[in-house]
Amino acid sequence: MTYAITQTCCNDATCVAVCPVNCIHPTPEERAFGSTEMLHIDPRACIDCGACADACPVDAIFPVDALSAGQREYADINAAYYEGGERPAAGDAVDGPNFHVWGEPVFERSLPSDFGPLRVAVVGTGPAGMYAAQDLLLHTAAEVTLIDRLPVAGGLVRYGVAPDHPATKKVGDTFSRFHSHPRVRMHLGIEVGRDVTAEELSAHHDAVIYAVGASTDKRLGVPGEDSPGCVSATSFVAWYNAHPEAVAQGVDLSAERVVVVGNGNVALDVARILVADPEALAGTDIAAHALEALRASRVREVVVLGRRGPEDAAYTRSELLALKHLPGVELVVDDHDPRTGAEIDAAGAGDRAGVLRGLPRGRTDAASPTDGERRIVLRFHSEVVEILGEGGGVRSVRVTDGGDGDGGGGTADLRAGLLLRAIGYRGLPVPGLPFDEASGTVPHEGGRVAGLPGSYVVGWIKRGPSGGIGANRTCAAETVGTLLADAVAGTLPAPTGDAKGFRRLARQRNRRVVDARGLAAIDRAERDRGRRDGRPRVKLATVEELVATARSGRLLRLGR
């Protein structure tokens with residue numbers, strides 16, 4: 001029996017490090033790493049030790065014999081990676097018990113023995129920031145200050161991962177063990193630019209790493225986009241994940257059809273949540289207000305628009321495969337443009353378009369669906385031209401209709417009451433740091449902020465909104481490596497303040513700062529609420545609830 005990596009693979013390569021026979025590829029040292037949607041286990045070399053499954057932070061690795069019906073395709077996907085030209089160059093067969101050659105060991109975090117501990121602030125507690133903090137804590141004697149503008153940690157793990165992907169959320173457990181690390185100080189609810197300046201932060205630390213992500217979304221730039229019924233997927237995801245800044249933004253789900261613009265994983269996430277069985281979602285950590293709205297929802301069809309063809313779609317094969325097995329939901333390919341069917345028919349088994357082979361095809365009617373069946377329609381070679389309103393909301397969406405196969409087939413109006421744009425995230429400027437308006441990122445050199453010694457970036461604010469959770473691990477390794485090289489070279493500015501001084505400053509500026517004890521109290525309260533409802537947790541959905549729970553829990557622990 002061999003093991004296989006499945007849908008929830010986060011690509012952070014923890015499994016690679018523990019494999020005793022080097023049968024998981026591509027490794028971080030190989031050129032293909034980061035360019036594949038997931039890692040793959042070579043079935044010829046796997047010795048069934050299970051070390052990779054034990055180490056996987058997102059429960060993505062299972063014995064092939066134990067795969068469910070919806071996961072069995074992953075056995076073939078893993079094996080196919082090692083066939084023909086897809087096999088990694090570093091994996092050529094060698095004499096001996098292993099099927100893959102071993103690379104030379106690398107020790108990237110060696111520091112002089114007399115090197116004193118650094119005091120480093122990490123702004124942002126999502127995956128990028130926590131991978132950077134983890135690297136510093138595990139490989140150096142650094143003291144780390146964790147800062148987040150929200151009064152709770154987690155970033156996109158808490159507020160970006162879909163609630164029906166609980167395995168992916170488990171990576172948060174890997175990060176949470178560092179929240180109470182003896183060399184960590186936590187200040188949640190502090191925003192750079194509002195409560196403290198970048199200059200003040202640098203004055204109390206040897207270095208500052210900004211991991212603030214890409215918190216806004218790109219716009220379509222079409223007439224009608226500012227209609228009340230046109231919502232960003234960013235806001236919708238935040239709404240169903242109980243983000244404090246999205247609770248008050250109710251979402252109108254009274255229409256039978258919703259149009260989602262974009263064909264990345266976020267587009268598939270929101271489409272899936274809109275038509276999923278609410279009772280299945282009731283066993284997740286979805287926001288209580290979102291669950292109530294979905295139970296009352298009239299949505300029966302979600303049309304996912306892709307400007308290009310199925311082979312150029314931005315979603316991963318794993319997420320599309322999961323969509324094919326969504327209970328009670330039909331997945332349909334809109335064949336309004338003959339190019340779509342031709343591309344699917346010509347695709348190979350390992351191609352993204354090949355996953356669509358065998359799905360029903362048909363035209364999306366202009367009118368809303370009336371048969372009551374729930375379905376997701378993938379409409380390629382189509383883009384929004386205009387959003388047409390009615391009574392202050394969305395009435396229909398005018399889209400290109402390339403019925404002649406060359407994109408010149410005119411337009412069609414799809415009756416819909418809600419449009420969600422999921423065409424990409426975008427970073428926002430950080431006060432005190434340079435910013436590239438074109439890319440939505442902070443200019444940098446290997447993570448070092450251009451023209452600002454002692455300041456660094458990691459994650460989407462560094463490289464743009466690309467790559468999943470695991471991509472942040474290698475991104476953080478580069479940034480931390482640059483920081484440590486600067487420290488050894490003596491180019492970091494000397495701080496004028498200390499950790500106690502920063503703590504006093506933070507609490508002077510914001511009396512509602514949450515520390516590690518307060519965060520633990522929030523976690524206990526949410527889990528306790530979840531146990532009463534048969535759910536993993538019920539999230540506190542407002543800043544006031546989070547701060548009050550953190551404070552009451554902290555006072556209780558202190559015996560007051």
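Residues numbered from 1 in each chain as written. Predicted model: local features only at pLDDT ≥ 70, side-chain atom pairs only at ≥ 80, totals over all residues. Heavy atoms only, no water.

J.: For this particular structure, what's the right way to read the overall build of the protein?
T.: Assigned secondary structure in the protein consists of 19 helices and 23 strands. Over its C-alpha trace the protein gives a radius of gyration of 24 Å, about what one expects of a compact globule, namely 24 Å for 560 residues. Taken along its principal axes, the extent of the C-alpha atoms in the protein is 70 × 70 × 50 Å. When the 560 residues of the protein are sorted by exposure, 53% land in the buried category. The contacts in the protein between residues at least 6 apart in sequence include a share of 74% that link residues at least 24 apart. (Helix = DSSP H or I, 4+ residues; strand = E, 2+ residues; numbered from the N terminus. Rg over C-alpha atoms; globule rule 2.2 N^0.38 Å. Buried < 20%, exposed > 50% of the residue type's maximum accessible area, 1.4 Å probe, protein only. Contact = heavy atoms within 4.5 Å.)

J.: Which parts of the structure should I look at to understand empty space enclosed by the protein?
T.: A probe matching the size of a water molecule, rolled over the atoms, marks out where space remains unfilled. Summed over all chains, the structure comprises two cavities of 30 Å³ or more. Its volume calculated, the largest cavity comes out at about 80 Å³. In this structure, the largest cavity is lined by 14 residues; those nearest its centre are Cys-9, Asp-12, Cys-15, Cys-56 and Pro-57. Residues that form the lining of the largest cavity fall into these classes: eleven nonpolar, two polar and one charged. Considered as a void within the structure, the second largest cavity measures approximately 60 Å³ in volume. Lining the second largest cavity we find Cys-19, Pro-20, Val-21, Cys-23, Ile-41, Cys-46, Ile-47, Asp-48, Cys-49 and Cys-52. Taken together, the residues of the lining of the second largest cavity break down into nine nonpolar, no polar and one charged. (1 Å grid on protein atoms, 1.4 Å probe; cavity = no way out; pocket = protein on both sides within 12 Å on 5 of 7 lines; lining within 4 Å. Points joined across faces, edges and corners; volume = space filled by probe spheres on them. Nonpolar A, V, L, I, M, F, W, Y, C, P; charged D, E, K, R; others polar.)

J.: Teacher, can you tell me more about the sheet that holds strand 13 (residues 330–334) here?
T.: Strand pairing within a sheet occurs via backbone hydrogen bonds; the two strands may be parallel or antiparallel. Taken together, the seven strands give an open sheet; going across it, the order is 10-19-11-12-15-13-14, and neighbouring strands pair in parallel fashion. Either end of the sheet is taken by a strand with one partner, and the two such strands are strand 10 (230–232) and strand 14 (361–362). When strand 12 (residues 301–305) meets strand 15 (residues 375–379), the two strands line up parallel, connected through five bridges. Counted as the bridge partner of Val-303 is Val-377 from strand 15. Contacts from helix 9 (residues 233–240) reach strand 10 and strand 19 (418–421) within the one sheet, and its direction differs from that of strand 10 by about 75°. (Pairing = 2+ DSSP bridges. Axes fitted to C-alpha atoms, helices over the stretch in contact; angles between N-to-C directions.)

J.: Even after reading the chapter, I still don't get the pairing of strand 19, so can you show me in this structure?
T.: Each regular strand displays side chains that alternate between the two surfaces of the sheet. Across the two faces of strand 19 the burial is the same, with Leu-418 and Leu-420 and Leu-419 and Arg-421 all buried. Direction of pairing for strand 10 relative to strand 19: parallel, over a ladder of three bridges. Along strand 19, the bridge assignment pairs Val-231 with Leu-420. In terms of strand pairing, strand 11 (residues 257–261) meets strand 19 through four bridges, oriented parallel. Residue pairing for strand 19: Val-261 is matched across the bridge by Arg-421.

J.: In this structure, what is going on with the environment of Ala-322? I would like to understand it.
T.: Examined against the element boundaries, Ala-322 turns out to sit in helix 13 (residues 317–324). Assessed through its relative accessible area of 22%, Ala-322 is described here as partly exposed. Along the backbone, Ala-322 and Arg-504 are 182 residues apart, and their C-alpha atoms lie at a distance of 49 Å.

J.: Hey, could you run me through the pairing of strand 8 (residues 207–210) in this one?
T.: Where burial is concerned, the two faces of strand 8 agree: the one with Ala-207 and Ile-209 and the one with Val-208 and Tyr-210 are both buried. Alignment of strand 5 (residues 119–123) against strand 8, held across four bridges, turns out to be parallel. Each residue of the ladder has a partner; that of Val-120, found in strand 8, is Ala-207. Bridging between strand 8 and strand 23 (residues 455–457) involves three bridges; their strand directions are parallel. The residue bridging Ile-209 from the neighbouring strand is Tyr-456, located in strand 23.

J.: Honestly, the environment of Pro-310 in this entry has me stumped. Any pointers?
T.: Along the polypeptide, Pro-310 turns up in the loop between strand 12 and helix 13. With a relative accessible area of 0%, Pro-310 lands in the buried category. A C-alpha to C-alpha distance of 7.1 Å links Pro-310 and Arg-352, two positions 42 residues apart in sequence. Excluding residues within four positions of it along the chain, Pro-310 makes contact with Tyr-315, Thr-340, Glu-343, Ile-344, Arg-352, Ala-353, Leu-356, Phe-380 and His-381.

J.: What's the story with the packing of aromatic side chains in this structure? I'm lost.
T.: The geometry of an aromatic ring pair is captured by two quantities: the separation of the ring centres and the angle between the planes. The tally for this structure, following the rule as stated, stands at five aromatic pairs. Judged by centre distance (5.4 Å) and plane angle (90°), the ring pair of Phe-236 and Tyr-240 falls under edge-to-face. A residue pair is termed a helical-turn pair when its members lie 3 or 4 positions apart in one helix, as Phe-236 and Tyr-240 do in helix 9 at four residues. On the basis of relative accessible area, Phe-236 is assigned to the buried category, the value being 0%. Through a chain of ring-to-ring contacts, the aromatic side chains of Phe-236, Trp-239 and Tyr-240 assemble into a single cluster. (Phe/Tyr/Trp six-rings, centres within 6.5 Å; stacked < 30°, edge-to-face > 60°.)

J.: Where do I start with the packing of helix 9 against helix 10 (residues 265–275) in this structure?
T.: Each pair of packed helices gets described by two things: the angle between the helix axes and the distance between those axes. Relative to each other, helix 9 and helix 10 sit at 50°, their axes nearing to 10 Å. It follows that helix 9 is oblique to helix 10 by the angle criterion. In the crossing of helix 9 with helix 10, the sense of the turn from one axis to the other is left-handed. Between helix 9, through Ala-233, Phe-236, Val-237 and Tyr-240, and helix 10, the contact on the second element is made entirely by Val-266, Asp-269, Val-270, Ile-273 and Leu-274. When the residues that make up the contact of helix 9 with helix 10 are grouped by side-chain class, the tally is eight nonpolar, no polar and one charged. (Parallel < 35°, antiparallel > 145°, perpendicular 65-115°, else oblique. Left-handed = near helix turned anticlockwise from the far one by under 90°.)

J.: Would you mind going over the packing of helix 3 (residues 73–80) against helix 13 with me for this structure?
T.: The geometry of helix 3 relative to helix 13 is characterised by a closest axis approach of 12 Å and an angle of 160° between their N-to-C directions. Our classification of the angle between helix 3 and helix 13 gives roughly antiparallel. Helix-helix and strand crossings are classified by hand; for helix 3 and helix 13 the assignment is right-handed. Here Glu-73, Tyr-74 and Ile-77 of helix 3 come into contact with helix 13, specifically with Arg-317, Ser-318, Leu-321 and Lys-324. Of the residues belonging to the contact of helix 3 with helix 13, the class tally is three nonpolar, one polar and three charged.

J.: Would you mind showing me how to read the pattern of salt bridges here?
T.: For side chains of opposite charge, pairing can occur when their charged atoms come near one another. On inspection of all chains with the given rule, the structure shows 37 salt bridges. The partner of Arg-339 in a salt bridge is Asp-337, and the shortest N-O contact between them spans 2.7 Å. The buried category is assigned to Asp-337, whose relative accessible area is 0%. In this structure, Asp-413 and Arg-398 form a salt bridge, with 2.7 Å as the shortest nitrogen-oxygen distance. Residue Asp-413 is located in strand 18 (residues 411–415), and its partner Arg-398 is located in strand 17 (residues 393–400); the two are separated by 15 residues in the primary sequence. (Salt bridge = Lys/Arg side-chain N within 4 Å of Asp/Glu carboxyl O.)

J.: Where do I start with the state of the cysteines in this structure?
T.: Structurally, a disulfide amounts to a covalent bond that connects the sulfur atoms of two cysteines. Under the counting rule described, the total for this entry stands at zero disulfides. Summary of cysteine pairing: Cys-9 is not part of a disulfide, and the nearest cysteine sulfur, belonging to Cys-10, is at 6.0 Å. Unpaired in this structure, Cys-19 has its nearest cysteine sulfur neighbour in Cys-23, at a distance of 3.6 Å. Owing to a relative accessible area of 10%, Cys-19 belongs among the buried residues under this scheme. (Disulfide = S-S within 2.5 Å.)

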